[in-house]
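Structural overview
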Amino acid sequence: QAQLVESGGGSVQAGGSLRLSCAASRLTFSNRAMGWFRQAPGKEREFVATIDWSGAITYYANSLKGRFTISRDNGKNTVYLQMNSLNPEDTAVYYCAAPKDGGYDSRIRRADTEYEYWGQGTQVTVSS
């Protein structure tokens, strides 16, 4: 079965940076869009960013534009999330997700219901 494994989470002070990685296996990666979501305590799961199959098209939650960058390396079957200027409000469990189908499409997927496969999540904690 498909497997997504996140890494790179941890604790940082406000203003710091973290780089998250998501390694994919047991699924076709290079023809498939990928996404990042997060869930803070007491809140619903929230869209963070998505990237198309090639990396040419990216899309972010409005509140995160300019601070977060999504990228991918199809040769390594890995998608990344670079997070800069972190705030305490960014504290959450961050999840990597893949849609059910590949096919080289550039459709923008912003709802968690549009994704089929999920990683276990990695904790990000930002202190004041």
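The residue numbering used here restarts from 1 in each chain and proceeds along that chain's sequence as written. Given that this is a predicted model, residues contribute local features only at a pLDDT of at least 70 and side-chain atom pairs are listed and counted only at 80 or more, while totals for whole chains, interfaces and linings are drawn from all residues. Excluded from the side-chain calculations are hydrogens and water; all other atoms, namely the structure's heavy atoms, are used.

Throughout this description, disulfide means a covalent bond between two cysteine sulfur atoms. Throughout, disulfides are identified as pairs of cysteine sulfur atoms within 2.5 Å of each other. A complete count under the given rule lists 1 disulfide for this structure. Between the sulfur atoms of cysteine 22 and its disulfide mate cysteine 96 the distance is 2.1 Å. Measuring handedness by torsion sign, the sulfur bridge of cysteine 22 and cysteine 96 sits at about -80° and is left-handed. With cysteine 22 in strand E3 (residues 18-25) and cysteine 96 in strand E9 (residues 92-98), the pair connects residues that are 74 residues apart, well separated along the chain. Considered together, cysteine 22 and cysteine 96 belong to a single accessibility category, that of buried residues. Every helix listed is a DSSP run of H or I at least four residues long, and every strand listed is a run of E at least two residues long, numbered separately from the N terminus. We call a residue buried when its accessible area falls under 20% of the maximum for its residue type, exposed when it is over 50%, and partly exposed in between, using a 1.4 Å probe and counting protein chains only.

This part covers the sheet that holds E3. Whether two strands pair comes down to DSSP finding at least two bridges between them. Spatial ordering of the open sheet is given by E1-E3-E8-E7, a layout of 4 strands whose pairing is antiparallel. The sheet is open, and its two borders are formed by strand E1 (3-7) and strand E7 (68-73), each paired with just one other strand. Sheet twist, expressed as the mean angle between neighbouring strand axes with direction ignored, is 15°. Across 6 bridges, E3 lies against strand E8 (residues 78-83) in antiparallel orientation. Bridging from a neighbouring strand, alanine 23 pairs with threonine 78 of E8. Convention adopted: a line fitted to C-alpha atoms gives each axis, helices being fitted over their contacting stretch, and angles between N-to-C directions are expressed from 0 to 180 degrees.

Here E7 shows a clear split, with Phe68, Ile70 and Arg72 buried on one side and none of Thr69, Ser71 and Asp73 buried on the other. Pairing geometry for E7 and E8, over 6 bridges, is antiparallel. Paired with phenylalanine 68 across the two strands is methionine 83, which belongs to E8. The antiparallel pairing of E7 with E8 creates a hairpin that spans 4 residues between the two strands, and asparagine 77 there sits at a positive phi of about 50°.

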